[in-house]
Amino acid sequence: MPLTVRDILDFESLYESELIAGMKGLQKEVTGIMVMEAPDIEAWGNFGQVCLTSFFALENLSLTETKDFFIKANSIGIAAFIVKLDRLVKQIPAHFIEECNVNQIPLIKIQKDTPYEAIILSVMETLINKNKVLLDRYYMISNQFTNMALREPRLKDILALLEELIPNPVSLLKNNSIIYRSINLELGDFHVSKSTKLAKNRYINFEYQRQVVTHTDLSTQHLSQLSVEIPSLGTDVYRLIIHELNQETTEEDFMAIENTVSSLQMELLKKYALKQQNLSHLNEIINDLIYARYQTEEELAEILHFLNLSKKDNIHLVIIDLSVEGDRKKVKREDSESIVNTLSNYISIRWSKFVSLVKKDKIIFLICNSDDDQGFSEKISVAINSFTSLSYYSQLVFNIGISNKSNVTGLHLANKQANNILKILKLTGQKNKIMSYKDLGIFQLFLETNNIDELIKFVPEKILEIQKTKPELNKTLRVFLDHNQNFKTTAEELFIHPKTAKYRIERLIKLANINFENPEELLQINIGLRLLEFIDKTL
């Protein structure tokens, strides 16, 4: 417990002292003592300091200056004033007493024959002895946590040691859910009604909040607790809770709590590093499967065994391309992992067997199922829409490609199908679109070619000629056809005047002899224009 002003009043050196003001400040902590010689308290004052004075240094201060002096003393944290009246100062001014009461700074009067040395010695001796006790306590606690760390402790082992060292029960929260609680089972869910940041001192390095809470399973209202976040990597947030049921947390308790937080942090970092290592290995295995990077049946069997898959499984491969609304920034890796975890919850409702992979800005799911292509596409759409309806993910922009059903040996083709869907969606400027491979229709023919140059032969010759000399005309034609041959909406999308759009289309009619009344000709031109863009984006 800290040394307080009330404690020093019991010292023999202050036996004949008299407390004349600031009674409400008797619990102020005492950290040192000195003789005050000047009124510039901001230059020499420190938190917890007791000031010995004859008030001679303050005698000539005006009322305003006196008020400012005590306000500064209070803001610094001066613990008390001990005043000795002598031949220079016969009486403590009334406004001094008033300011001590207002600022709750104890004002103690001593006899003029009481030596300062006796008071200073008794205070400093007590502080030195107390610091020695605290230092011994610190080394004892530190050694306990060091020895435990050598035994590869579990999180609950660390928390159990803390409960041995402090008089209050504790809980550990992960993402606001309790994963460890004290033997006091009533300390379950709670509601925070007030939270205040705790000031740091020599025993506090981490960020603490003192909270006033109510527990759903306790009739007692407005209980106090300390909350401290455990610094860690990844997206999970861990918080240590100290339930101050028996007493407020002391300096000695903070020594144990600080060591606990450091130990928990170390264990969480180790767990995160191991998780990332395992995830990296898992990603390599999944990549080997979807890119057919196995040489023998034995290698394939090992991969399937590791992923808990079978040659008999029917699988749809789903690729999700993610970005953030607005500037279309790519999603960070740690955010992608959080998205995978949330999405997996929705997928697991419908399918029990699946694996996932985070790859740069894409998320890949291999989902085992017995649905046909259309049925699977409908179910995955429901799962994705449920996920994107969450407000937390409202800023996400996505496109999703779904392959045809495949067996494990055909996943390299399924992977190509899903990626090709994303290429088409990107090419056509679409977003928040869920598309299966069969939805591509005639474009499947073009996407399955192994030679991009072969696609040129499907582009009408007159469109190719215009592309070489007047590519802006082809772009206008593409937008014109997309907007049902409407000049106004075409002009709005291209940021040009409707007359300019009309002029370009009239030039196209002359140059390419296009008949806008012939649906077959328009179909060929439409496909040709899209192939030109696809070829351009692919090369």
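Residues numbered from 1 in each chain as written. Predicted model: local features only at pLDDT ≥ 70, side-chain atom pairs only at ≥ 80, totals over all residues. Heavy atoms only, no water.

Concerning the sheet that holds strand β1 (residues 18-21)
Heads up, the rule is: Criterion used throughout: strands pair if DSSP finds at least two bridges between them. Secondary structure elements are defined from DSSP: runs of H or I of at least 4 residues count as helices, runs of E of at least 2 residues count as strands, and each element is numbered from the N terminus. Axis angles are defined between N-to-C directions and span 0 to 180 degrees, where every axis is a line fitted to C-alpha atoms and, for a helix, only to the segment in contact. Throughout, a residue-residue contact means that at least one pair of heavy atoms, one from each residue, lies within 4.5 Å.
Strand order in the open sheet formed by five strands is β1-β5-β4-β3-β2, and the pairing between neighbours is mixed. The sheet is open, and its two edges are formed by β1 and β2 (32-35), each paired on a single side. If you compare each strand with its neighbour and ignore which way they point, the axes differ by 25° on average. For β2 and strand β3 (residues 49-53), the ladder comprises four bridges, and the chain directions are parallel. Looking at β3, one finds that Met34 is bridged to Cys51. Along the sheet face, helix α4 (residues 94-102) touches β1, β4 (80-84) and β5 (107-110) and points at about 85° away from the line of β1.

Description of the packing of aromatic side chains
Where we set the bar: Within 6.5 Å between ring centres, the rings of Phe, Tyr and Trp (the latter by its six-membered ring) count as paired, and their orientation is classed by plane angle as stacked under 30 degrees, edge-to-face over 60, tilted in between. Buried residues are those whose accessible area, probed at 1.4 Å on protein chains only, stays under 20% of the maximum for their type, while exposed residues exceed 50% and partly exposed ones sit between those limits.
Going through the model one piece at a time under the given rule, you end up with ten aromatic pairs. Between the aromatic rings of Trp351 and Phe376, the centroid separation amounts to 5.0 Å while the plane-to-plane angle is 40°, which identifies the pairing as tilted. Of this pair, Trp351 sits in the loop between α9 (333-350) and β13 (354-359) while Phe376 is found in helix α10 (residues 373-388), placing the two residues 25 residues apart along the sequence. Phe376 matches Trp351 in its accessibility class, with the two residues each being buried.

Overview of the pattern of salt bridges
Quick reminder of the rule: Salt bridges are identified by distance alone: a Lys or Arg side-chain nitrogen within 4 Å of an Asp or Glu carboxyl oxygen.
The final tally for this structure, using the stated rule, is 21 salt bridges. Of the charged contacts in the structure, one is a salt bridge between Glu244 and Arg210, with a shortest N-O distance of 2.7 Å. Placement of the pair is Glu244 in the loop between β11 (238-243) and α7 (251-290) and Arg210 in strand β9 (residues 208-215), with a sequence separation of 34 residues. On the accessibility criterion, Glu244 (9% relative accessible area) is buried. The residue Lys468 makes a salt bridge to Glu465 at a minimum N-O spacing of 3.7 Å. Placement of both Lys468 and Glu465 in helix α13 (residues 461-469) is noted, with a separation of three residues, approximately one turn of the helix. A relative accessible area of 64% places Lys468 in the exposed class.

Regarding the confidence of the model for the chain
Applicable threshold: Confidence scores labelled pLDDT are given residue by residue by the predictor and lie between 0 and 100.
Counting all residues, the mean pLDDT for the chain is 86, and 91% of those residues have values of 70 or more. The secondary structure element of the chain with the lowest average pLDDT is helix α12 (residues 443-447), at 65, and the one with the highest is strand β14 (residues 362-368), at 94.

Notes on the sheet that holds strand β10 (residues 223-230)
A sheet is described by the order of its strands in space; here six strands give the open sequence β7-β6-β11-β10-β9-β8, paired in antiparallel fashion. With one partner strand each, in any of the chains shown, β7 (177-181) and β8 (190-197) form the two edges of the open sheet. Across the sheet, the mean angle from the axis of one strand to that of its neighbour is 30°, orientation sign disregarded. Where β9 meets β10, six bridges bridge the pair, whose relative direction is antiparallel. In the sheet register, Gln209 faces β10, and the bridge partner there is Ser227. Docked against the sheet, helix α6 (residues 155-165) engages β6 (170-174), β7 and β11, running at close to 150° with respect to β6. The sheet strands contacting α7 are β6, β9, β10 and β11, and the helix crosses β10 at an angle near 40°.

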